[in-house]
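Fold and contact review
Here is what each chain is made of, one letter per residue.
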Amino acid sequence: MTVRRTTAFTAAVLALGACQQKAEAPAAPATPLAEVVSGATGVDQAVACMAYLALKQTALEARTPAGDVTAVRAALNDWEGLALQSMTADEVAQYFASSVAVEDDASPETIEVTAAWCLANKPAAA
C-alpha cells in the first residue's frame, strides 16, 4: 500500500511540475514581425513597405549624427514604382499616408525587422 501511495504521489508531483513548466513558458508571438509585408501581395505589400521604410528613414534622420538613408530612400522609391503600376499617384499617396498613420505606433523592433525585410526584398527599379 505504501508503494502505491508513493507512486501516486510521485505521479501527481510530476504532473504538477509539467503544468507549471507549461504555464511559465513564454508565449510565441502571434504574428511574425515582418508578416505585415511578407504576407501581403501587390500594391498592399508595396505601400506597407513604403510606410515602414518611411518610418525607418525618420528614425535614421532623428539620430545624432543622422544615419545614412540612401538605401532606404532607394528602396522606398522602388516600392513606390511598383505601387504606381496598379494605382494613380494620388491613390498611392492617400494609401501611403493612411498606412503610415496606422503603423506609426509600431515598436522600434517591428520597424527595424520589417524595414530590413523590405530592403532585402525590394523590387527591381522601374
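This section reports on the structure supplied with the text.

Rules used throughout
Residue positions within a chain follow its written sequence, with the count starting from 1. pLDDT decides what is reported in this predicted model: residues at 70 or higher carry local features, side-chain atom pairs at 80 or more are listed and counted, and totals for whole chains, interfaces and linings draw on all residues regardless. Hydrogens are left out, water is left out, and the side-chain values use all remaining heavy atoms of the structure. As used in this record, nonpolar core signifies buried Ala, Val, Leu, Ile, Met, Phe, Trp, Tyr and Cys residues forming a set joined through side-chain atoms within 4.5 Å. Relative accessible area decides the class of each residue, using a 1.4 Å probe on protein chains only: under 20% of the type maximum gives buried, over 50% gives exposed, and in between gives partly exposed. Only runs of H or I of at least four residues qualify as helices and only runs of E of at least two qualify as strands under DSSP, and these elements are numbered from the N terminus. Just to be clear on terms, a salt bridge is a Lys or Arg side-chain nitrogen sitting within 4 Å of an Asp or Glu carboxyl oxygen.

To continue, consider the nonpolar core. Core analysis: the largest hydrophobic core is formed by 24 residues, its most contacted members being V37, M50, L53, W79, A83 and C118. Of all the secondary-structure elements, those providing two or more residues to this core are helix 3 (42–62), helix 4 (70–84) and helix 6 (108–120). Of all the elements, helix 3 adds the most residues to this core, at 11 residues.

The next subject is the pattern of salt bridges. Evaluation of the coordinates by the stated rule reveals three salt bridges. One salt bridge connects R73 with E61, and the closest N-O pair in it is separated by 3.0 Å. Highlighted residues: R73 in helix 4 and E61 in helix 3, separated in sequence by 12 residues.

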